[in-house]
Amino acid sequence: MRRIAALLLALAATAVAAQQPVTITVDLDKPIAPWRPITAWFGYDESNYTTAPHGRELLHELHDAYPVPVYIRAHHLLTSGNGTPELKWSSTNIYTLDANGHPVYNFKILDQIFDAYRDAGVRPMVEFGFMPEALASGPAPYQTHYPKTLDGSVQSPPKDYAAWGELCRVFTAHMVARYGRAATATWYWEVWNEPNIPYWHGTEADYNKLYDYAVAGVRAALPEARVGGPATTSPRDPKALEFLDAFLHHVANNKSLANNQPIPLDFISFHVKGSPKVVEGHVQMGLDKELTDADKGFALIASYPQFRALPIILSEADPEGCAACSARENPSNNYRNGPLYPVYTAATLKALLDLEARHQVNLLGMLTWAFEFEGKDYFQGFRTLATNGIDKPVLNVFRMAGRMSGQRVAAVSTAQVPLDTLLNSGVRQSPDIDALATIDQHSAAILLWNYQDDDLPTPTFPVTLHINGLPANLRHVRLQHLRIDDTHSNAYTAWKSMGSPQQPTPAQIDALKQAGQLQSLTLPTTTAIKDGALTLSLTLPHQATSLILLTW
């Protein structure tokens with residue numbers, strides 16, 4: 001009964017709004033800032049999935065989604081083991097000791113991983129983690145299995161910080177020798193992951209020492225390397241914010257504990273996460289939580305004049321915190337299969353850019369912590385971009401973002417939710433129907449969405465889209481309308497319509513692969529314009545994301 005009541009209330013709340021068409025105005029001649037493709041960043045726990053068949057395939061798809069370099073971050077690049085992945089676990093066995101206690105470096109598995117990146121045309125964001133067993137200072141066991149993967153000594157400080165720094169130097173030197181100095185100088189080198197929680201079994205001071213020795217080792221092998229950290233968790237947690245602040249204070253005011261030189265810092269990383277939950281039988285997203293994380297972190301960085309212009313990489317930016325927790329464990333995670341995940345991502349993208357502008361900081365990347373899990377059930381509800389080689393709807397919002405270029409321009413909507421409301425309470429009353437737009441030399445792109453935190457049915461909204469500022473002498477444009485919704489660019493709906501097969505036939509797999517691609521709502525057309533302006537009438541259904549492309 002409560003779910004039925006919630007449905008009725010949601011329909012009633014939006015019905016009045018639906019009587020009034022939404023008007024969105026895009027002014028292509030009003031630039032805001034150069035467009036930066038901050039979504040071209042991805043990551044995952046299980047680095048060994050990189051070389052799995054579907055992992056290699058997905059890397060190529062990510063490369064093809066963007067005209068700019070795509071960056072990949074993965075855990076467990078330094079972890080000891082035989083290279084067999086588990087949930088939230090992988091290994092490369094890079095570092096062991098011989099009978100005399102001397103280091104032995106083995107790059108066989110790492111070379112396979114980084115060769116896959118090279119072959120796909122993507123670039124690594126190297127994360128130095130976690131501690132090799134021969135260096136780990138913590139007590140046994142070294143590895144603990146999911147869901148208690150943070151209990152092992154793999155997360156402990158090194159027995160010997162000088163040996164840790166030398167490991168980082170040898171790692172970097174090997175990468176420079178194998179892939180070239182020019183290539184590795186374009187990578188990003190990050191020290192550890194979430195050291196303010198049990199991913200690190202040391203203190204904040206221990207982490208600072210870990211950082212100093214790591215970046216000293218990297219810079220010894222590659223002086224121009226882009227180094228940074230600390231990859232802390234959500235700054236809305238005061239303790240996480242305090243850890244980030246202490247790290248920045250250390251870099252700003254101290255000399256390196258490794259070599260007594262100034263401490264290098266070329267970018268700052270931290271994580272932002274939402275918090276979905278099941279409310280009265282339906283999923284309710286937590287967009288406000290993720291945006292508050294960014295708001296707090298940006299404000300802190302802006303308070304350091306010497307760091308304000310540094311690139312910020314949100315090296316995990318997601319609707320919640322556990323990619324390996326399936327919808328079977330957490331029913332709220334079923335949002336990951338359908339159109340709610342991509343529309344949430346679209347709304348987050350604009351809000352993060354607006355927060356960047358508000359704090360006058362330099363946001364380089366919002367890294368989506370999602371990849372694929374080899375050999376799991378179809379649409380099991382992991383936070384992934386694809387399932388058994390079938391692209392999920394969320395991958396298509398990144399394909400949309402990859403079509404945007406040039407300059408970001410002004411776009412306003414009569415139904416947009418103000419930034420302060422997004423921060424304070426998310427999207428809980430009426431939907432956020434909004435747009436993000438860019439213009440390039442001979443093209444324009446307008447991303448539109450109909451987002452609400454509550455996964456409840458809402459009416460289809462009529463939208464009048466005014467596009468101003470096209471070249472004055474232009475008479476026609478080529479128009480294409482791409483769409484993600486319940487029936488477009490949505491392999492999940494297609495899979496359910498087949499009866500949710502866990503052993504689909506070859507013909508069904510082909511159909512699902514096709515359904516997983518980014519699809520046009522209508523056929524491309526040539527459209528007349530007058531006086532540099534164009535008005536379009538369209539509709540935005542429940543959880544729909546659209547991309548309007550104009551070329552001339």
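Residues numbered from 1 in each chain as written. Predicted model: local features only at pLDDT ≥ 70, side-chain atom pairs only at ≥ 80, totals over all residues. Heavy atoms only, no water.

A. Inspection of the overall build of the protein chain at higher detail. For the protein chain, the count of helices and strands is 13 helices and 25 strands. Computed over its C-alpha atoms, the radius of gyration of the protein chain comes to 24 Å, within 12% of the 24 Å expected for a compact globule of 552 residues. The proportion of buried residues among the 552 residues of the protein chain is 59%. By sequence separation, contacts in the protein chain at least 24 residues apart represent 79% of the contacts at least 6 residues apart. Surface accessibility of the protein chain: about 20,500 Å² in total, with carbon and sulfur atoms responsible for 52%. Here the protein chain contributes 43 positive and 53 negative side-chain charges, whose respective centroids are spaced 2 Å apart. (Helix = DSSP H or I, 4+ residues; strand = E, 2+ residues; numbered from the N terminus. Rg over C-alpha atoms; globule rule 2.2 N^0.38 Å. Buried < 20%, exposed > 50% of the residue type's maximum accessible area, 1.4 Å probe, protein only. Contact = heavy atoms within 4.5 Å. Areas by Shrake-Rupley, 256 points an atom, 1.4 Å probe, with all protein chains shown as cover. Lys, Arg positive; Asp, Glu negative; His and termini not counted. Charge placed at Lys NZ, Arg CZ, Asp CG, Glu CD.)

B. Focus on helix α4 (residues 161-179). Given a rise of 1.5 Å per residue, 19 residues ought to cover 27 Å, and the 27 Å separating the end C-alpha atoms of α4 matches this to within 8%. Those residues of α4 lying buried are Y161, A163, W164, G165, L167, C168, V170, F171, T172, M175, V176 and Y179. Two to three positions downstream of the cap, the backbone nitrogen of A162 sits 2.9 Å from a side-chain oxygen, assigning the N-cap of α4 to D160. Downstream of α4 by a residue or two, G180 has a phi angle that is positive, lying close to 95°. (Expected span 1.5 Å × (residues − 1). Polar contact = N/O pair within 3.5 Å; in protein donor to acceptor, adjacent residues only side chain to side chain.)

C. Broad picture of the nonpolar core. The biggest cluster of nonpolar side chains holds 136 residues, and the ones touching the most others in it are F114, W164, F171, W189, L248, L314 and Y451. Here this core gets 11 residues from one element, more than from any other, and that element is helix α9 (residues 340-359). Ignoring anything within four residues of it in the chain, the contact list for F171 reads L78, I94, F107, L110, F114, V126, F128 and W189. In this structure, I433, A435, I439 and I529 belong to the second largest nonpolar core, which totals 30 residues. (Core = buried A, V, L, I, M, F, W, Y, C linked by side-chain atoms within 4.5 Å.)

D. Structural context of the sheet that holds strand β13 (residues 362-366). On the basis of which strands lie adjacent, the open sheet formed by nine strands has the order β13-β12-β9-β8-β7-β6-β3-β2-β14 and parallel pairing. In the strand order of this sheet, the two ends are held by β13 and β14 (368-369), each with one partner. Sheet strands in contact with helix α8 (residues 287-302) are β9 (267-273), β12 (311-318) and β13, and its direction is about 155° off that of β9. Contacts between α9 and the sheet are confined to β12, β13 and β14, with β13 contributing the most and set at about 165° to the helix. (Pairing = 2+ DSSP bridges. Axes fitted to C-alpha atoms, helices over the stretch in contact; angles between N-to-C directions.)

E. Representation of the packing of aromatic side chains within the structure. For the coordinates displayed, the defined rule picks out 35 aromatic pairs. Taken together, a centroid distance of 6.4 Å and an interplanar angle of 45° make the contact between Y207 and Y211 tilted. Here the residue Y207 and the residue Y211 both occupy positions in helix α6 (residues 204-221), the gap between them amounting to four residues, near one helical turn. Taken individually, Y207 and Y211 each receive the classification buried, so the pair is uniform in this respect. Geometrically, the ring pair formed by F270 and F298 is edge-to-face, given 6.2 Å between the ring centres and 75° between the ring planes. Within this pair, whereas F270 is found in strand β9, its partner F298 is found in helix α8, the two being separated by 28 residues in sequence. Through pairs of rings, three or more aromatic residues link up here, namely F114, Y117, F128, F171, Y179, W187 and W189. (Phe/Tyr/Trp six-rings, centres within 6.5 Å; stacked < 30°, edge-to-face > 60°.)

F. Spotlight on the environment of P319. Looking at the secondary structure, you find P319 in the loop between β12 and α9. C-alpha separation for the pair P319 and T387, spaced 68 residues apart in sequence, amounts to 19 Å. Look past the residues within four positions of P319 in its chain and what remains in contact with it is G274, S275, P276, M285, E290, Y335, Y341, Y344 and R383.

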